Amino acid sequence: MFINCNNLIELDVSSFKTGNVTTMDSMFRNCFVLLSLNVSNFTTTKVTNMIEMFNGCENLVSLDLNSFDTINVTTMEMLFQKCINLENLNIDNFNKANVTNMYRMFAQCNSIVELDLVILILVKLHQCEQCFICVKG
């Protein structure tokens, strides 16, 4: 939807009606200069695919996804990859019971200050290669 929107600095999509959306694949991918993103009212109950949703959002410092219902999501591959300045990430309510793929989910997230891994209840996970590779380079 907003893939490669290189000039977006601020985006408020909290009024978007997302109740019937099943894929959020690459929705904000490579929004390099995006500083502020409000997805607080997204309805994600039917979403199964979040591949690369925030990949490459290099200038986001904070992201609150606490309202996301991820019970039906099966793939979170590269979800936050290259969010190199992301310090605050709220995914406390993520339910990953059906997630099978978290490949490079947090890759190159060099700035995350704290991440509660207790929430990562991974029942069906098959792919988590390089999931937490957070090395500058």
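Visitor: Can you lay out the packing of aromatic side chains for me, pointing to particular residues and giving the numbers?
Guide: Counted according to the given criterion, the structure contains seven aromatic pairs. An angle of 15° between the planes, with centres 5.6 Å apart, marks the rings of Phe80 and Phe106 as stacked. Remark: Phe106 occurs in the segment after β4 (88-90) and Phe80 occurs in the loop between β3 (62-64) and β4; sequence separation between them is 26 residues. For the pair shown, Phe80 and Phe106 are each scored as buried.

Visitor: Describe the environment of Thr48, listing the residues and the values that go with them.
Guide: Secondary-structure assignment places Thr48 in the loop between β2 (36-38) and β3. Overall, the relative accessible area of 34% leaves Thr48 in the partly exposed class. Distance from Thr48 to Val73, taken between C-alpha atoms, is 3.8 Å for residues 25 residues apart in sequence.

Visitor: Describe the pattern of salt bridges, listing the residues and the values that go with them.
Guide: Counted under the stated rule, the structure contains one salt bridge. Residue Arg29 is joined to Glu52 by a salt bridge in which the shortest nitrogen-to-oxygen separation is 3.7 Å. Here Arg29 is found in the loop between β1 (10-12) and β2, whereas its partner Glu52 is found in the loop between β2 and β3, with 23 residues between them in sequence. Taking the relative accessible area as the measure of exposure, Arg29 reaches 22% and is therefore partly exposed.

Conventions adopted
- Residues numbered from 1 in each chain as written.
- Predicted model: local features only at pLDDT ≥ 70, side-chain atom pairs only at ≥ 80, totals over all residues.
- Heavy atoms only, no water.
- Phe/Tyr/Trp six-rings, centres within 6.5 Å; stacked < 30°, edge-to-face > 60°.
- Helix = DSSP H or I, 4+ residues; strand = E, 2+ residues; numbered from the N terminus.
- Buried < 20%, exposed > 50% of the residue type's maximum accessible area, 1.4 Å probe, protein only.
- Salt bridge = Lys/Arg side-chain N within 4 Å of Asp/Glu carboxyl O.

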